[in-house]
Every structure is written in C-alpha cells, then in structure tokens.
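These are the residues of each chain, in order.
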Amino acid sequence: MNWKENLALWERLATHRGFALVSDFDGTLSPIVNDPESAKPDARIQALLGELRDHVLAVVILSGRAVEDVSERVGVPGLIFIGNHGFERLQDGKIIIPDQAKPYQKAVKKAAKKIRRNLLPGMRLENKGITLSVHYRQAEDEEAVREDFLPRIRSWSDKYGLVLFQGRKVFELRPPVDVDKGTAFIQFVKDFKVQAAVYLGDDTTDASVLKAAKKLRETGVCEAYGIGVHSPDTPMEIHLHEDYYVDGVDGVGDFLSALVDACKTSST
Ligand SMILES: [Mg+2]
C-alpha cells in the first residue's frame, strides 16, 4: 500500500514520544550511483533528517556500509549509526563488533587477500574488517562478471568458513553468525526502549528488517512498520515483506517531510 493512503498513522507515530526513524542509506536516502564512492544524500534529505532528529527519540541509519563511511556521507550530526549489516555500531565514539563475530576476523583477512588477487576488471573490493563486499556495478558486462565470479567466491567462502550473500551488483562475505540488519534493528529497539518505529529500505538485505518490524509489532514489543523504497528493480523480498511503500528516494523525502510537519504541528 502506498504510504500516502494512511497519513493518520504516520502523524500518530511521529508524535509518539518513543518514536525512532530508522533508515537504510544507499538507494533509500541517496540515489543508486555507478560509483558507490560518490553516493550522498541531497540537501533536502539532509535538512529533513536534522529537523526530525530534534523532534523524535532517535534517527538511525542502518546500512551495509562501514559506520565511519556512512556517517561521513550522511553528514548530519546527532544521528545513530549501525553499519555493516549490524556487524558494527558506533557507540560512545567507538566501534563495537558483536562478540559472536570476533573469532572470524582472521578468516575475513585471508579471504580478502584471496579476492584481491583475483578481482575481474570493473570489480572493487571493500574490506570492512569483519565483512567483505565485492562490487561489480562498474563491470562492462555485469551479468557475465557475476556468473564468472560466483563459483569462485562461493568456494572461498566455504574454504574460510564464511557466508556468501548477493545484493544489487555486490557479493558479500560475512561470518556465519546470526547477525543481520533485522537482528540489529531488534537489538536497537530493545536497548533504546523504542515504542514506535518506521524502517525504510530498498534492497534484499532490508527484508530482514521488514520482517523484524512485523514481528515486533505483532508481539506488542514496538509498533514498528516496514516501508519498501521502490525502484524499477526492487527485489521480490521487499514487495513480499513491506507494510507500505514509497516511490524512490524522492518519495522518501516526501515521507520524511510529512513526519517533520506532523512533529512541528503537534509542538506548536
Ligand atoms: Mg539500500
């Protein structure tokens, strides 16, 4: 359902004292670009995040990127950053890695070395310490590169005891522990005693949060809703698990604007 069909819900949530807005970054706050290094939110989104931060319990960015990277890109102070699919949280100026992931730091290092020596043209390795991303968006023939590389990265993933994930034009290797964006979302809701929340996301890895939101809502822990951010290549998992949707990054801006308006109206 389009978010605009239930404006009363967003007004009620935004003005709830225990409300947190949680959002993915790439493809949600910032348009998908060929070079992930140039991704940035536009000035309107930045201003809205800053305004919302002043009215609600928390504004959280939950991203696949490293927290240092994503916090710099967002460029708005006072937000909370959970990065690397929940594998790191920026807390009191320090980066915290979940205990269950720590034994895999060595294996990740070895896999990074292997991948670096075998990258195909147009591929780029992003080493995030406890996880690895291999981007192939800039390859000439993305599908050919994906097919060529998949069996190799799968064998290294097995060899070093890691788990392989595939996202939009990216392979990811992570430790085989029960940490994902969904578990990070649930942990955050519990740690910060969040009573109402909205999550915005566009990619396969965001489906775990959409499912977590539904679970929190149905068990009465937190009134959380998952919003899918639609584009021409929205994965099926998003369609399946979203409660509502917005159209693209511009739609996210309109949604944030509605939240800010609701907060301002109620505080005057
Ligand atoms: Mg995304």
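What you see is a predicted model; the values in this text were computed from it and never measured.

Colleague: Just give me the short version of the overall build of the protein, but keep the residues and values in it.
Modeller: Counting secondary structure elements, the protein contains 9 helices and 12 strands. Taking 2.2 N^0.38 as the reference for a compact globule, 268 residues should give roughly 18 Å; the C-alpha atoms of the protein span a radius of gyration of 18 Å, in line with that estimate. Along the first, second and third principal axes, the C-alpha set of the protein runs to 60 × 40 × 30 Å. A total of 268 residues make up the protein; the buried ones form 53% of that total. Partitioning the contacts of the protein with sequence separation of at least 6, the portion at a separation of at least 24 is 66%. Here the protein has roughly 12,300 Å² of accessible surface; of this, 49% comes from carbon and sulfur atoms. Of note, the protein has its 36 positive side-chain charges centred 8 Å away from the centre of its 40 negative side-chain charges.

Colleague: Quick rundown of the environment of Leu-21? Include the residues and the values.
Modeller: Positionally, Leu-21 belongs in strand 1 (residues 19–23). Once the C-alpha coordinates of Leu-21 and Asp-148 are considered, the two residues, 127 residues apart in sequence, prove to be 40 Å apart. Contacts of Leu-21, omitting those with residues within four sequence positions, involve Leu-52, Ala-58, Val-59, Val-60, Val-198, Leu-200, Phe-255, Leu-256 and Leu-259.

Colleague: Talk me through the packing of helix 2 (residues 43–53) against helix 9 (residues 248–267); I want residue IDs and the actual numbers.
Modeller: Packed helices, taken two at a time, are described by the angle their axes make and the gap between the axes. Relative to each other, helix 2 and helix 9 sit at 30°, their axes nearing to 9 Å. Between helix 2 and helix 9, the crossing angle belongs to the class labelled roughly parallel. Crossing angle aside, the handedness with which helix 2 passes helix 9 is left-handed. Between helix 2 and helix 9, the contacting residues are Arg-44, Ile-45, Leu-48, Leu-49, Glu-51 and Leu-52 on the first element and Val-249, Asp-250, Val-252, Gly-253, Asp-254, Leu-256, Ser-257, Leu-259, Val-260, Cys-263 and Lys-264 on the second.

Colleague: Summarise the coordination of the magnesium ion; cite the residues concerned and give the values.
Modeller: Donor atoms from the polypeptide that bind the magnesium ion are Asp-24 (OD), Asp-26 (O) and Asp-202 (OD), placed at 2.1 Å. All donors of the magnesium ion come from a single chain, and their spacing in sequence reads D-x1-D-x175-D.

Colleague: Provide a residue-level description of the packing of aromatic side chains, including the pertinent values.
Modeller: Tallied over the full model, the rule gives 10 aromatic pairs. Between Trp-3 and Phe-255, the ring centres sit 5.3 Å apart and the planes meet at 90°, which makes this aromatic pair edge-to-face. Of this pair, Trp-3 sits in the segment before helix 1 (7–14) while Phe-255 is found in helix 9, placing the two residues 252 residues apart along the sequence. Accessibility classification places Trp-3 together with Phe-255 in one group, the buried group. Measuring from centroid to centroid gives 6.3 Å for Tyr-225 and Tyr-244, while their planes differ by 65°, and the two rings are edge-to-face.

Colleague: Go over the nonpolar core, please, and point to the residues and values.
Modeller: Counting 39 residues, the largest nonpolar core has Trp-10, Leu-21, Phe-255 and Leu-256 as the members making the most contacts within it. The element contributing the most residues to this core is helix 9, with 8 residues. Formed by 23 residues, the second largest nonpolar core is a distinct cluster that contains Val-60, Phe-188, Tyr-199 and Leu-210.

Colleague: Tell me about the packing of helix 1 against helix 9, and please be specific about residues and values.
Modeller: Between helix 1 and helix 9, the least distance of the axes is 8 Å, while the angle of their chain directions is 60°. One finds that helix 1 runs oblique with respect to helix 9. Note that helix 1 runs across helix 9; the crossing there is right-handed. Residues Trp-10, Glu-11 and Ala-14 of helix 1 form the contact with helix 9, whose participating residues are Phe-255, Leu-259, Ala-262 and Cys-263. Classifying every residue of the contact of helix 1 with helix 9 by side-chain character gives 6 nonpolar, no polar and 1 charged.

Colleague: Please set out the domain arrangement of the protein residue by residue, giving values where relevant.
Modeller: Taken as a whole, the protein is organised into domain 1 (3–98 + 179–267) and domain 2 (100–174). Listed by partner, the interface residues are 22 residues for domain 1 and 17 residues for domain 2. Taken together, the two surfaces of domain 1 and domain 2 that pack against each other cover about 1,700 Å², and 49% of this comes from carbon and sulfur. Residue Glu-37 pairs with Arg-124 through a salt bridge whose shortest N-O separation is 3.4 Å.

Colleague: Hey, could you go over helix 2 for me, with residue numbers and the actual values?
Modeller: Every α-helix carries 3.6 residues per turn, so stepping three or four residues along brings you back to the same face. Those residues of helix 2 that fall on the buried side of the exposure criterion are Ile-45, Leu-48, Leu-49, Gly-50 and Leu-52. Considering only its buried residues, helix 2 is in contact with strand 1, strand 2 (58–62), helix 3 (67–74) and helix 9.

Colleague: A description of the pairing of strand 6 (residues 124–127) should follow, citing residues and the corresponding values.
Modeller: Strand direction decides the pairing type here: strand 6 and strand 7 (residues 132–135), joined by 4 bridges, are antiparallel. Bridging from a neighbouring strand, Leu-125 pairs with Val-134 of strand 7. The turn linking strand 6 back onto strand 7 is made up of 4 residues, and Gly-129 within it adopts a positive phi angle of 85°.

Thresholds applied
Residues numbered from 1 in each chain as written. Predicted model: local features only at pLDDT ≥ 70, side-chain atom pairs only at ≥ 80, totals over all residues. Heavy atoms only, no water. Helix = DSSP H or I, 4+ residues; strand = E, 2+ residues; numbered from the N terminus. Rg over C-alpha atoms; globule rule 2.2 N^0.38 Å. Buried < 20%, exposed > 50% of the residue type's maximum accessible area, 1.4 Å probe, protein only. Contact = heavy atoms within 4.5 Å. Areas by Shrake-Rupley, 256 points an atom, 1.4 Å probe, with all protein chains shown as cover. Lys, Arg positive; Asp, Glu negative; His and termini not counted. Charge placed at Lys NZ, Arg CZ, Asp CG, Glu CD. Axes fitted to C-alpha atoms, helices over the stretch in contact; angles between N-to-C directions. Parallel < 35°, antiparallel > 145°, perpendicular 65-115°, else oblique. Left-handed = near helix turned anticlockwise from the far one by under 90°. Donors = N, O, S within 2.8 Å, 3.2 Å for Na, K, Ca; no water. Phe/Tyr/Trp six-rings, centres within 6.5 Å; stacked < 30°, edge-to-face > 60°. Core = buried A, V, L, I, M, F, W, Y, C linked by side-chain atoms within 4.5 Å. Nonpolar A, V, L, I, M, F, W, Y, C, P; charged D, E, K, R; others polar. Domains from an automatic or database assignment. Buried area = accessible area lost by both parts, 1.4 Å probe. Salt bridge = Lys/Arg side-chain N within 4 Å of Asp/Glu carboxyl O. Pairing = 2+ DSSP bridges.

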